[in-house]
Structure formats: C-alpha cells, structure tokens
Amino acid sequence: MPNLIHAVRSTKIEESLINYTLGDQGIDGASIASSGVDYDVNTTYQIGEEWQFWNPVLDDYNYFRDKTIEITSDVVLSEWVARVPGLFYKAGSDALRNVRKSNIEYVNKNWTHYTPLGKSRKVMGGIGTLKFPADKDGYRLVSLAMNQNASSGIPALIHPEIWEYYKMREGLKINKIVAPLRDMPSEWSLKFASTRGIPKACLFINQIDQIETNNEDAHVRHHPFTIMKYEKDGAEYFDFVFVNIDSDQKDARKNVQIFLGEYIYNDGRFGQYLIEPDISNPIIGSQDIICQSPLELRTKMEDSNAYLDLIQHRIHDTTFNDQTLDEIKHLLDHLNEKTLKRYAKNIGLNPNTVFRTGVSHASNTANLLDICMDRKMMTQFLDEVIEEYPEKFNN
C-alpha cells in the first residue's frame, strides 16, 4: 500500500502547522515557576541515558510530573528544540526514520540528499527542530542532548539569571542537572492522537545549584525543519524538509540557507517553504518562504479565507485521491466496528450517525470515509489509526 505513507505525511504536516501557530505565544516561565512543588534532592529519579528518561515518561507521565530528575552523565545544551519532544523515542518512530535507498536523491561530499518523501519520513520519525525566542520574562526553552542530538533531547526551561550566570550557549557541556519535571502551559494540538499521547513537559531550572558545568563546549547536532510546497509534473505536493547541522560547523547558518535555497529547485521542483524554523531570528530568505512567523501563518489571508485553513484544505485534497482512499478503505475494512467507533468519537463524530444498522461493515467504512472527506477530517481520523497501528503504515 504505497500511498499510505503519503497519507501519514499529510497528517503530520497538518499537525505541525497547527502547532506552529503557537510558536510565538511564549512559554510563560513565570507560570511554570509558580506551579508544582520545589524540587527535593533527596527523592530523585536518576538517569544516565536519554531512553531512561523518555521511555518511562512516555509510558506514565502522571507518575513523573513534578518528580525531581537527576541527569548524572554529560549533556550538551542546544537552543534548538524538537518539533515534538519525545517523538524520537515513541513506538514506531524508528521505523519511519529508516529511509529506503529509493528515498535518496543523490550523494555528494557534503550532503546526502533525500527525496522530499525521504525527508518527510525522517521528520515524521522525530528528526526536526525549531528555535524559539525567550519569553516575556527572559525564560528560554532549550534541549539537553545526551546523544549530541537536539531532536532526541530533553526539553528544559531555564531562568534568565541562570542563563547569564553560566553564560549558556549552543554546545555548552553540562556535567550534572537536578531539576523537577513540569508541565508547559501551552498544549500540542488536541486534534491529533499522536501528539495527544506525548506530554508537553520540561525540566525547570531556576536555581544556580541545579547545574554543574566546567564551561567547556562540545558539538551537538540540530535539524532546522520546515514544510515545502512545490510543483512537479503539473501536480502540487507538500513535504517536510530538514537540514543536518553540527554546532561546531563553520558557517553553519549560511550552509542552512544555501541548502534550503537550492533544495526547492532540485529535480525540477518549483517550491516555497511554508514556515520559518528559527522563530527568534529568521534564517530562510524572504523570497523562498511564505510565512516568516507563527503570527503571519495565523493571520495571512488569501481569497478571503484564513491561509492556514486554505493550506489544510489543499493538503487534504492533494493527498486523498482515489487510489489512496482505496488503500485506506482496505485497511479500515480489517478493523472492527468497535475500534472504528472509538476513533470517530475521538475526532468529534457521532458514531451512531456514522455506523448504520442493517448494513455491511464495508458499507459503514465507506460511509465513514465519505463523512471524513466531506468535513476535511481525514487527517485527524487517520492519525487515530496510525497511533495504534503504526506498523501498517511504515512499509
């Protein structure tokens, strides 16, 4: 079922666009500071590797909320934060990141160029970072990378006085951290099952003795990502794009600009990027991008329709063609009615009006698809299926 991966891509692009509109809303560090309890160094959960944090937190976040986390091994600070922190370690993500040879466009001495679908698979599997501005009180959201990879790192919110005291920067090596795990005020989009299942949380660092550092630097990789709208062979497509950058790479920012500027024209593409990965200091040239900030994405108007709504409709219409819908129909016909009713209810549909009595299961799944298509809810519904059956889409 080769078209299902394209359908998965569309759900994640829509999810990312919705979440991106919140990117300039601020993380409200003062609110986090006043919530929860003071950290207790006598009752800590110790971790020495990233998976020791993410696996249990993804499994039972409520248990770890407000618990004190002690990181006993070296971490490297990055000002770039994962598109969805924790997604890298979520079940099914590693299979998505496993790009096929057919997804490699070409290789040169500096880059491995993936096709747009190859790039999208990587981003859907947890690769991809954004850089956020400090909030109104000076708090900064960063990644603590134990594997020198910001896309898989642990998010942390740092008080401005701590930032200045330790002269924090990209690539700073930190030897030890003791901090409580707190909720972040804003939420990921509640429309999508995959992000509903990932807690939006961070370590909260607002005291000098929570950190130990020798003021040394180490390299850390980050992956600025965006979404590309492009034309090829007379059709319109949408795909994720990212760039792999090391913090110690010479002219790193310039290299990102060069790569992105060339990529939209490679292989006969004629494209533009939808969103800016560095919200605090735009990196993509204005001629190559449609929305340079979350505010512009929220408010941009085209043909009297909200631009975000228009893009969502275009993604929906270009993805769900007859062949893709046939593949989705085949998949749903093999799921039981109880499961499908639960998915329908989760996205706001009334299962009793979708599933009729006295007709075949195949007729009910056809009716379900018709309703999702008419109401532009196919991406949300499909995300419910992806969440429980990722293996059906990864091949």
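The coordinates are above.
Computed from a predicted structure; not experimentally measured.

Student: Explain the overall build of the chain residue by residue, including any values.
Tutor: When its secondary structure is counted, the chain shows 16 helices and 20 strands. With respect to the principal axes defined by its C-alpha atoms, the chain has extents near 65 × 45 × 40 Å. Expressed as a percentage of the 395 residues in the chain, the buried residues total 54%. Considering only contacts in the chain between residues 6 or more positions apart, those separated by 24 or more positions represent 74%. Taken as a whole, the chain presents about 17200 Å² of accessible surface, with 45% of it coming from carbon and sulfur. For the chain, the distance from the average position of its 43 positive side-chain charges to the average position of its 56 negative side-chain charges is 3 Å.

Student: Any chance you could break down the pairing of strand β2 (residues 68–71) for me, citing the residues and the numbers?
Tutor: A two-sided burial pattern is seen for β2, the buried positions comprising T68 and E70 on one face and I69 and I71 on the other. Strand direction decides the pairing type here: strand β1 (residues 44–47) and β2, joined by four bridges, are parallel. Across the sheet, T44 pairs through a bridge with T68, a residue of β2. Sheet analysis places β2 next to strand β11 (residues 176–183), joined by four bridges and oriented antiparallel. Counterpart to T68 in the pairing with β11 is P180.

Student: So what about the pattern of salt bridges? Which residues, and what values?
Tutor: Counted under the stated rule, the structure contains 17 salt bridges. Residues E387 and K90 are paired through a salt bridge, measuring 2.6 Å at the closest nitrogen-oxygen approach. Of this pair, E387 sits in helix α16 (residues 378–388) while K90 sits in the loop between β4 (80–82) and α5 (93–97); the two residues are 297 residues apart in sequence, bridging distant segments of the chain. The class of E387 is partly exposed, set by a relative accessible area of 29%. By relative accessible area, which is 15% here, K90 ends up buried. Between D333 and K329 there is a salt bridge, with its nearest N and O atoms 2.9 Å apart. Given the relative accessible area of 28%, D333 is considered partly exposed. Here K329 falls in the buried class, since its relative accessible area comes to 18%.

Student: How would you explain the nonpolar core if you had to name every residue and give the values?
Tutor: Within the largest apolar cluster, 54 residues are counted, with the highest numbers of intra-cluster contacts made by L17, L274, L332, L349, L368 and F381. When residues of this core are assigned to their parent elements, the largest contribution, seven residues, is made by helix α1 (residues 4–20). The contacts of F381, once residues within four sequence positions are left out, are L332, L340, Y343, A344, I347, L368 and C372. In this structure, F64, I177, A201 and L203 belong to the second largest nonpolar core, which totals 29 residues.

Student: I'd like to hear about helix α15 (residues 361–374), residue by residue, with values.
Tutor: Every α-helix carries 3.6 residues per turn, so stepping three or four residues along brings you back to the same face. The terminal C-alpha atoms of α15 lie 20 Å apart, and with 14 residues this matches the ideal 20 Å at 1.5 Å per residue to within 8%. For α15, the secondary structure elements touched by its buried residues are α11 (307–319), α12 (322–332), α13 (337–346), α14 (351–354) and α16. Immediately beyond the C-terminal end of α15, within one or two residues, lies K376, with a positive phi of roughly 55°.

Student: Would you mind going over the side chain of T11 in detail, with residue names and values included?
Tutor: Tracing the chain through its elements places T11 in helix α1. Note on T11: relative accessible area 0%, which makes it buried. Apart from residues no more than four positions distant in its own chain, T11 is found in contact with F192, T379, L382, D383 and I386.

Student: I'd like a description of unusual backbone geometry, backed by residues and values.
Tutor: Of note in this structure, N215 is not a glycine but carries a positive phi near 60°. Residue placement: N215 occurs in the loop between β13 (211–212) and β14 (221–222). Judged by relative accessible area, which is 45%, N215 ranks as partly exposed. Here K376, not a glycine, exhibits a phi torsion of approximately 55°, which is positive. For K376, a relative accessible area of 26% corresponds to the partly exposed category.

Student: Could you give me a rundown of the side chain of S78, with the residues and numbers involved?
Tutor: With respect to the helices and strands, the residue S78 is situated in strand β3 (residues 75–78). For S78, a relative accessible area of 0% puts it in the buried group. Among the polar contacts made by the side chain of S78, one reaches the side chain of E170 at a distance of 2.9 Å. Residues within four places of S78 in sequence aside, it is in contact with V142, S143, A150, E170, V220 and H222.

About the thresholds
- Residues numbered from 1 in each chain as written.
- Predicted model: local features only at pLDDT ≥ 70, side-chain atom pairs only at ≥ 80, totals over all residues.
- Heavy atoms only, no water.
- Helix = DSSP H or I, 4+ residues; strand = E, 2+ residues; numbered from the N terminus.
- Buried < 20%, exposed > 50% of the residue type's maximum accessible area, 1.4 Å probe, protein only.
- Contact = heavy atoms within 4.5 Å.
- Areas by Shrake-Rupley, 256 points an atom, 1.4 Å probe, with all protein chains shown as cover.
- Lys, Arg positive; Asp, Glu negative; His and termini not counted.
- Charge placed at Lys NZ, Arg CZ, Asp CG, Glu CD.
- Pairing = 2+ DSSP bridges.
- Salt bridge = Lys/Arg side-chain N within 4 Å of Asp/Glu carboxyl O.
- Core = buried A, V, L, I, M, F, W, Y, C linked by side-chain atoms within 4.5 Å.
- Expected span 1.5 Å × (residues − 1).
- Polar contact = N/O pair within 3.5 Å; in protein donor to acceptor, adjacent residues only side chain to side chain.

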